[in-house]
Amino acid sequence: MSEPTIPLANRPAWKALQTHATQIRATHLRQLFADDPHRGERFAIQAEGIFLDYSKNRITAETIALLTHLAEESRLRERTESMFTGQKINITENRAVLHVALRAPKTESIIVDGEDVVPEVHKVLDKMSTFSDRVRSGEWKGHTGKRIRNVVNIGIGGSDLGPVMAYEALKHYSQRDLTFRFVSNVDGTDFAEAVQDLKADETLFLVASKTFTTLETMTNAHTARDWTLAALGDESAIAKHFVAISTNAKEVARFGIDTENMFGFWDWVGGRYSMDSAIGLSTMIAIGPVNFHAMLAGFHAMDRHFRTAPLAENLPALLGLLTVWYTDFFDAQTVAILPYEQYLKRFPAYLQQLTMESNGKHVTLTGEHVGADTGPIYWGEPGTNGQHSFYQLIHQGTRLIPCDFIGFFKTLNPLGRHHDILTANVFAQAEALAFGKTAEEVKASGTPDELVPHKVFEGNRPSNTILADLLTPETLGKLIALYEHAVFTQGVIWNIDSFDQWGVELGKVLAQKIIGELESAEEPALDHDVSTSRLIRLYRSKK
Ligand code: F6P
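Draft legend 1. Quick peek at the packing of aromatic side chains. Applying the stated criterion across every chain yields a total of 25 aromatic pairs. Centre to centre, the rings of F33 and F435 are 5.0 Å apart; their planes meet at 75°, and the pair counts as edge-to-face. With F33 in helix α2 (residues 29–35) and F435 in helix α16 (residues 418–435), this pair connects stretches of sequence that are 402 residues apart. With 5.0 Å between their ring centres and 35° between their planes, Y167 and F180 make a pair best called tilted. Separated by 13 residues along the polypeptide, Y167 in helix α7 (residues 161–169) and F180 in strand β6 (residues 179–183) bring together distant segments of the chain.

Quick look at the structure:
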């Protein structure tokens, strides 16, 4: 794989952006809009049914030109091709990164280690379809001959957040006589509450884990096994009530799940990029194979767009570059994801893993410090709820928080005036953030002098407005791929490995040691720092 050898700070476009940023920082969005009556059209693109208005960003045409130069200098195109053609771009794990193969049509071929992976992908999709149809139709029976009524996905991180988010997002399309639950936390309360009203003979567990060694998932899976056996009393029940989704057949067999009931995927699918692999089995059971394939088609449409559209008209590239712009030239620490669509209530949580586990890195591919700020903190809540809690800070606080507003022209639940009111709020918030309210305007509305500073909205607060027609499986696929490739774009600029996650390891290792110390019958000899040792002793004395 070709790597940019020029450190970020020495890339000509980076230097030009530094100079350019000093001018833009002094310019208000009010001015930028006043200077260009066509700004609303100039900085908007529509592709693959997604409309992006990015005119309320603190940018000019020159900013976009410089940012796209930066992308070229950072070899975004070559890196993108490397990803799409199965090169091992996950350097630190020596792995290809091929979530795009998960949604490649049968006619495509992508070679990894001399083998075309596309037929394998479709083989698993076909197996998932057959199984999903059997569960949905009631043909798949539990141990006592009853049909399955409840599906419980056990997984964590990418093996949970994608499935939960997709289930919530596509609930409208789901089979309503099936109940879906998602257990992720090792806190026993998660499992206990998930199953407290379920009957074991009507419950199917999907144990979802890429590695099949993750502490939380294995603990929950064993508890689920015990719960099932306590109710059904017979080992042979496991085959009817447990399936596994994993890359690790050996561990699946060791757990006691027949590998016939295993849905596989591959090491070139990162956990946070896996919701459209077999990890999406709960999604497919909920919405059916046809809708699942429509979602894959949506992903694929955005993949094609990202691979082929010119950078200045490329939705994911622009979204990614704008984030680099605010992170590195405006010192923005966070990005708010604000979906005005109740079904997308878990979308911000899903994006947190996608963005922060991918780009929360401080060294480049070759191990040097990046020399700039990398992945910002992503957070958010659906509108309009957030407006009545944290928007105060976005409007009048001292921090710059770029916002992504996500809305739809139509709603799946037309109810009176609800959708117009909802959408009016999207537009109003973006307008208020950008233009604010000056002291003169506040005074003119009769506000007493002492209150004027409190009622001033500085404005000049940037946002993107992302709109689509209706939340369908296809649109969801497009939206997710939009962010996946935006994250990739950022990672290429920072020259980091967006596909490893070494930062999760240390805590896992320490937890293993401390579990032993909390549980040991003998008073353990502790060699932690004094704070940790004291906490361990305190817990042991109180538990
Ligand atoms: O600990 C982080 C992580 O490895 C994530 O990257 C992953 O999505 C999650 O744990 C779950 O891993 P697995 O699917 O192997 O159980």
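Draft legend 2. Focus on the packing of helix α5 (residues 76–84) against helix α19 (residues 473–494). Packing of α5 against α19 leaves a shortest axis separation of 10 Å and a crossing angle of 125°. Between α5 and α19, the angle falls in the class oblique. For α5 against α19, the interelement crossing comes out right-handed. Where α5 approaches α19, its residues L76, R79, T80, M83 and F84 are matched on the opposing element by H485, F488, T489 and V492.

Draft legend 3. Spotlight on α19. For α19, with 22 residues, the first-to-last C-alpha span of 32 Å sits near the 32 Å given by 1.5 Å per residue. Buried residues dominate α19, accounting for 21 of its 22 residues. Note on α19: the residue one or two positions beyond its end, N495, has a positive phi of about 60°.

Draft legend 4. Representation of the nonpolar core within the structure. By size, the foremost hydrophobic cluster in this structure holds 123 residues, and its most contacted members are W268, W325, F347, L476 and Y483. Per element, the largest residue contribution to this core is 12 residues, and it comes from α19. Contacts of W268, omitting those with residues within four sequence positions, involve A96, V97, L98, H99, A101, L102, V112, V117 and V121. If you look at the next biggest cluster of nonpolar residues, it comprises 21 residues, including V183, A194, L229 and V252.

Draft legend 5. Focus on the site of the ligand. The local shell around the ligand holds 14 residues, among which S159, S209, K210, T211 and T214 are the closest. With respect to the ligand, the side chain of S159 contributes an N or O atom lying 2.6 Å from an oxygen atom. Out of a free accessible area of 390 Å², the ligand has 87% covered by protein chains. Residues that form the shell around the ligand fall into these classes: two nonpolar, nine polar and three charged.

Draft legend 6. How the structure looks around the sheet that holds β6. Read across the open sheet, the five strands follow the order β6-β5-β7-β8-β9; overall the sheet is parallel. Two strands close off the open sheet at either side, each with one partner strand: β6 and β9 (262–264). Neighbouring strand axes in the sheet, compared pairwise and without regard to direction, differ in orientation by 20° on average. Sheet topology note: the strand β8 (residues 242–246)/β9 ladder contains three bridges and is parallel. Looking at β9, one finds that S246 is bridged to G264. Lying on the sheet, helix α9 (residues 215–232) is in contact with β5 (150–154), β6, β7 (203–208) and β8; it crosses β7 at an angle near 160°.

Draft legend 7. The arrangement of the pairing of strand β10 (residues 334–339) in detail. By the criterion of burial, β10 is predominantly enclosed, with six of the six residues buried. Residues of β10 alternate between two faces, with T334, A336 and L338 on one and V335, I337 and P339 on the opposite face, all of them buried. Bridge count for β10 against strand β11 (residues 377–379) is three bridges, and the pairing is parallel. Residue pairing for β11: A336 is matched across the bridge by W379. Handedness of the β10-helix α14 (residues 347–359)-β11 crossover: right-handed. With four bridges connecting them, β10 and strand β12 (residues 403–408) associate as parallel partners. Bridge pairing links A336 to C403 in β12.

Draft legend 8. Highlighting the pairing of β12. Judged by how many residues are buried, β12 sits mostly within the fold: six of six residues are covered. The alternating pattern of β12 places C403, F405 and G407 and D404, I406 and F408 on opposite faces, both of which are buried.

Draft legend 9. Geometry of helix α1 (residues 12–25). A rise of 1.5 Å per residue sets the reference length of α1, with its 14 residues, at 20 Å; its end C-alpha atoms lie 20 Å apart and thus fit the reference within 8%. Within α1, the full set of buried residues consists of A13, W14, L17, H20, A21 and I24. Residues of α1 that are buried in the fold lie against α4 (61–73), α13 (315–329) and α19.

Thresholds applied
Residues numbered from 1 in each chain as written. Predicted model: local features only at pLDDT ≥ 70, side-chain atom pairs only at ≥ 80, totals over all residues. Heavy atoms only, no water. Phe/Tyr/Trp six-rings, centres within 6.5 Å; stacked < 30°, edge-to-face > 60°. Helix = DSSP H or I, 4+ residues; strand = E, 2+ residues; numbered from the N terminus. Axes fitted to C-alpha atoms, helices over the stretch in contact; angles between N-to-C directions. Parallel < 35°, antiparallel > 145°, perpendicular 65-115°, else oblique. Left-handed = near helix turned anticlockwise from the far one by under 90°. Contact = heavy atoms within 4.5 Å. Expected span 1.5 Å × (residues − 1). Buried < 20%, exposed > 50% of the residue type's maximum accessible area, 1.4 Å probe, protein only. Core = buried A, V, L, I, M, F, W, Y, C linked by side-chain atoms within 4.5 Å. Near = heavy atom within 4 Å. Polar contact = N/O pair within 3.5 Å; in protein donor to acceptor, adjacent residues only side chain to side chain. Areas by Shrake-Rupley, 256 points an atom, 1.4 Å probe, with all protein chains shown as cover. Nonpolar A, V, L, I, M, F, W, Y, C, P; charged D, E, K, R; others polar. Pairing = 2+ DSSP bridges. Right-handed = clockwise from strand over helix to strand, strands pointing away.

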